Structures are given as structure tokens and as C-alpha cells.
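Structural features, examined
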Amino acid sequence: MRKPILFVIAMIAAGTIIFAQQTKNKVPLPSMQQLAWHNMEYYWFAHFGPNTFTGNEWGHGDEKEEIFNPAELDCRQWCRLAKAAGAKGIIITAKHHDGFCLWPSKYSTHTVRESSWRNSKGDVLKELSAACKEYGLKFGVYISPWDRNHPQYGTAAYNDVFVKMMKELFTNYGPIWELWWDGANGEGPNGKRQVYDWKRYEDVIRKISPQTVIFSDIGPDCRWVGNESGFAGTTNWNYLDTAGFKRGEGAPPLDTLNSGNRFGKNWIPAECDVSIRPGWFYHSAEDTMVKSPAQLFDLYLKSVGRGANLLLNIPPNGRGLISASDSVALMGFKKLLDNNFKNNLIKSTQLNVVTDNQSMLAPSLNDGDATSFETIKTSTSSVLVKFAQPITANCIVLQEAIQLGQTIADFTIMLSTDNGLEEIRGTTIGKKRIITFAARKINQVSIHFPGITSPALLSEVGAYLMSGE
Ligand code: FUL
């Protein structure tokens, strides 16, 4: 829908004034790359390496390089499936705790080069980064600082090694959209633990690739959600306090990571990492334990539907392919996503913001543009959706204009049905909040923000009738 020019100018002016206020009040705001990251919503993790062949989850670092032999490796197959499954990118374990490098690093002797795979000329990162480009997917890397193979692990020299390895990744396979730092810190081959120089690592990456989004327990750009089961808190702030905390063992408590800090000093949104199978790596014994489309859809509701991102692990098998059982489940999941969010039942309904019986049209709320918004200034204002014909729905989707921060701490949805008023309460909204309930016939919906302390900037309201097919 095209918007009149005056309306667009008014929106920009309102946004500018609020942006200036938020900046003055020192409310942390997302950076441009964080905003782009929020829009990614759902993407894949690929755990791949010697563990794929040994059945381990944590390799010991002394595995013979020859065991790495994905004879039919086809990263284009991974990307084709990722694209078809609606994922927007792939983050691969360039190096897991066993220290094996999926690229021929100059700084290790435990790499694809030392295996006889593809006559020692193979390079998984080269193939995957090229395939991601071909399929229009973002490319990301996981690199574990914990290294159970490297002889220098546990000494200051290893920090140089780790920095040089990361530089290789960025120089040879970039652009790298997300860098995933695992906080695990165990013993190396000599029994020593490493003192990680996180500040140096971060400075290096910021300098060589300022656009990259860096993940770790505590960011700086996105945070761990505090569990590996794929769900964010029903209250989920994009803010986090990091002062006094460290990555790994010194991280904030799990429930803090799960729900953020309401008045936290940094914008560090949550990412929900979870595997489609019980393990992170492929094990044939788990072929019958792949999550069903319905389970994956439920994870989507509990991650993306709670304002976080979903990082779904799809581990390639020993042939170097995504297994049939996984791809069948993923296509079922994609079908549910498409079918359930295809038809916004209030797409062409007139929405209003009502304050003290005064109604104002609120076209931004269903224009499909998450950056345009309506300002709800007081707790006496509400959003009103009156239907000409009653709708049958079991889901309401709300979105906040997060480019200007996150302020909504509680909301109440009133559903007006033939049986009277029914109330649904929630707390945070953020990028997207998907609220589900038993299907019912609804004549009118009103949304209230009883605890407002600063203006609520609501960008979208939608209603859907979801089904299990
Ligand atoms: C953890 C690791 O120890 C697991 O093996 C896996 O990589 C998971 C995503 O992160 O910290």
C-alpha cells in the first residue's frame, strides 16, 4: 500500500523526535547490524567435524585426521534445503573443542589438509561460503577458543594463534555475518587452561569486520538465551547488564540470560540455539529422534514469537549431506510457517488508537511495515480493532518499533466474543510477540498498556487462525 507523502513526513518527524529523546535519555538502541540481525529471525547452525564420524559430542583432540572423510560433501545441498526451509543463513562450526579446523589453517596441524579427504585439498569453509552466496544466505562461523589439540593451548602464544585463525576466516571466507564465540574453557592437551584475551579478540574483529554480529554469552551484539532447548523467556528484554560478568563460567545467571534486564545498559538481544536432534553432531542412532514439524513450530513460537532469534542446528551426516529425516521435518515446519502466517485476518481492517473516547486512525499498525508505528502515550489509550464480520482466530501477533528501543513491559488483550470479554495478559513484546489461545469467534479486539511509564511504540498488530497442517 502506498502512503501519502505527508503521512511519511509525519512518521519520519515523529521517529526523529523520539530517537532524539531516547538518545538523550541514554536508552540503549540497536545498531544497524543488530537491527538487520533481528530481521534474520531464523537460521541454521551446522555442527560438523570429526565428531560426525566418531559419535562423540566433545572430541578429545587426538582423533586421527583421516577419520574426517565426508566423501559426498555437497554444501549446495545444505543451502538448497536451508533456502527451501525458510532459513536465512548458516553458521558452521569452523573449529569445535577438538581443535580440528574445517579449513586448511596455517596455524594448526589438525585440519582438513592433514586428512586425506579430497586428496588433502578439501576446504569446507570455501565450499559453504560460496554456496551461501549462490543461494542468497548469510554465512556465519562458530569458532571455539577451547582447543583440545593445539600444543600451545594454555600459553600466551595461543591467544596469537586464535587471533590469526580468526583473521584467516575473515580474510579468506568473508563477509562473515555472525561470529559465534563459545564460552567453554576446558583443559588443553597439556592439562592447562587458557586465559582468553577477549578484549583483544573483540578489538581485532571490530577492526577487520565492523559489520559482523558477535555472539557470546554476553554479546557484545547478541547473547545466549541461557538454555540449549530453544526457548526465550515469556518476558524477554533486549537489554542486558554485562558489567562484572564474563563469558563462560562468569556469565550472568541463566534466568537473567533468558529474560534480559529491563533497565540493562546494553542492547544485547537473545539468540535461541537448539538442535533438531538430541545431539549437536550427527549420530545415526538419532535418525529416529528428529524433532517433528509441530515441535519445530512450537520452538519458533517460543523463540521468534518471544522476540528472540532461532538458531536451529541441522547437523550434516558423515556423507557430508543433510539426512532425509531432517529435511522431511524441515519441509513440514516450513509448511506450517507458511500456512499459519499466510492470512492476516486484520490486514484490511481499520485500526484505531482510542484515548478518552477519542478515536484516531492507526494505519501503521497493519501496513506490513515493522518500522512505521503508532505512539501510545498513556495508560488510558488503547488499540481498537472492530470487525465488520466476526473473525475466528487463535493467535495475535504484536510488534514493537525496536529501532527506537523497547519500552512495553505489560499489555492486556481484550477479546470481545459472544460469551463476553476475555482477557489475555503478557509482558514484553520487542521485535515480535506471538500470543496463542484456543480458537474462538471474535467480534472486537482491544489492546491496553496499563503500566506505561514511557510511550509505547507499537508497529504491527496481526491476527491469524493457525492449524497443525
Ligand atoms: C556448547 C558446546 O559445548 C556444544 O558442543 C555446542 O557446540 C553448543 C552449541 O555450545 O557450548
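Look a little higher up for the structure.
Just so we're clear, the structure is a prediction, and the values are computed from it rather than from any experiment.

1. Things to note about the packing of helix 6 (residues 156–173) against helix 7 (residues 198–208)
Across the interface, helix 6 lies against helix 7 with an axial gap of 10 Å and an inter-helix angle of 20°. The angle between the axes of helix 6 and helix 7 places the two elements in the roughly parallel class. The crossing of helix 6 and helix 7 is right-handed. Within the contact between the two elements, helix 6 uses Asn159, Asp160, Phe162, Val163, Met166, Lys167 and Phe170 and helix 7 uses Arg200, Tyr201, Val204, Ile205 and Ile208. Split into classes, the residues belonging to the contact of helix 6 with helix 7 amount to eight nonpolar, one polar and three charged.

2. Some words on the site of the ligand
In the vicinity of the ligand, the residues found are Phe45, His47, Trp58, His96, His97, Tyr142, Trp180, Asp182, Glu228, Asp273 and Trp280. One of the side-chain N or O atoms of His96 is found 2.9 Å from an oxygen atom in the ligand. A distance of 2.8 Å separates an oxygen atom of the ligand from a polar side-chain atom of Asp182. For the shell around the ligand, the residue count by class is five nonpolar, three polar and three charged.

3. Section: the packing of helix 4 (residues 75–84) against helix 5 (residues 124–135)
Contact pair helix 4 / helix 5: the axes reach a minimum separation of 8 Å and the direction vectors enclose 35°. The hand of the helix 4/helix 5 crossing is right-handed. Contact residues: Cys75, Arg76, Trp78, Cys79, Arg80 and Lys83 in helix 4; Val124, Glu127, Leu128, Ala131, Cys132, Glu134 and Tyr135 in helix 5. Considered class by class, the residues forming the contact of helix 4 with helix 5 number eight nonpolar, no polar and five charged.

4. Structural notes on the pairing of strand 4 (residues 178–181)
Along a regular strand, successive side chains alternate from one face of the sheet to the other. Residues Glu178 and Trp180 point to one face of strand 4 and Leu179 and Trp181 to the other, with burial holding for every one of them. Bridge count for strand 3 (residues 138–143) against strand 4 is four bridges, and the pairing is parallel. Within strand 4, the position partnered with Gly140 by the bridge is Glu178. Following the backbone out of strand 3, through helix 6 and into the adjacent parallel strand 4, one traces a crossover that is right-handed. Note: strand 4 against strand 5 (residues 213–216), three bridges, orientation parallel. Residue pairing in the sheet places Trp180 in a bridge with Phe215 of strand 5.

5. Notes on the sheet that holds strand 2 (residues 89–95)
Pairing is parallel in the closed barrel, where eight strands are placed in the order 1-2-3-4-5-6-9-10. On average, each strand axis in the sheet is tilted by 25° relative to the strand beside it, whichever way the strands run. Pairing geometry for strand 2 and strand 3, over six bridges, is parallel. Paired with Ile91 across the bridge in strand 3 is Gly140. Along the sheet face, helix 6 touches strand 2, strand 3 and strand 4 and points at about 165° away from the line of strand 3.

6. Quick notes on the packing of aromatic side chains
All chains considered together, the criterion is met by 27 aromatic pairs. With a centroid separation of 5.5 Å and 75° between ring planes, the pair formed by Phe53 and Phe68 is classed as edge-to-face. Of this pair, Phe53 sits in helix 3 (residues 51–54) while Phe68 sits in the loop between helix 3 and helix 4, and the two are 15 residues apart along the sequence. A residue is classified by how much of its surface remains accessible, and Phe53, at 27% relative accessible area, is partly exposed. Ring plane angle 10° and centroid distance 3.9 Å describe the contact between Trp180 and Phe215, whose orientation is recorded as stacked. Highlighted residues: Trp180 in strand 4 and Phe215 in strand 5, separated in sequence by 35 residues. In this structure, Trp180 and Phe215 share a single accessibility class: buried.

Quick notes on the rules
- The residue numbers shown here count from 1 along each chain, following its written sequence.
- Only residues with pLDDT of at least 70 are given local features in this predicted model, and only at 80 or more are side-chain atom pairs given and counted; all residues enter the totals for whole chains, interfaces and linings.
- For side-chain calculations, the full set of non-hydrogen atoms in the structure is used, while hydrogens and water are omitted.
- Note on geometry: axes are C-alpha line fits, over the in-contact stretch for helices, and angles between N-to-C directions span 0 to 180 degrees.
- The numbering of helices and of strands both runs from the N terminus, where a helix is a DSSP run of H or I of at least 4 residues and a strand a run of E of at least 2.
- Here the angle decides the label: under 35 degrees means roughly parallel, over 145 means roughly antiparallel, 65 to 115 means roughly perpendicular, and every other value means oblique.
- With the far helix as reference, a near helix turned anticlockwise by less than a right angle produces a left-handed crossing, and one turned clockwise produces a right-handed crossing.
- The contact criterion used is simple: two residues touch if any of their non-hydrogen atoms lie within 4.5 Å.
- Here the nonpolar group is Ala, Val, Leu, Ile, Met, Phe, Trp, Tyr, Cys and Pro; Asp, Glu, Lys and Arg are the charged ones; every other residue, Gly included, is treated as polar.
- Whether a residue is near a molecule or strand is decided by its heavy atoms; if any one of them lies within 4 Å of it, the residue is near.
- A 3.5 Å cut-off defines polar contacts: any pair of N or O atoms within that distance qualifies, except that in protein one atom must be a possible hydrogen donor and the other a possible acceptor, and neighbouring residues in sequence count only when both atoms are side-chain atoms.
- The buried label goes to any residue with under 20% of its type's maximum accessible area, the exposed label to any with over 50%, and the partly exposed label to all in between, with areas taken from a 1.4 Å probe on protein chains only.
- A pair of strands counts as paired when DSSP detects no fewer than two bridges linking them.
- With strands facing away from the observer, any crossover in which the path from the first strand over the helix to the second runs clockwise is taken as right-handed.
- For Phe, Tyr and Trp, rings pair up if their centres lie within 6.5 Å, where Trp contributes its six-membered ring, and each pair is then called stacked (planes under 30 degrees apart), edge-to-face (over 60) or tilted (otherwise).

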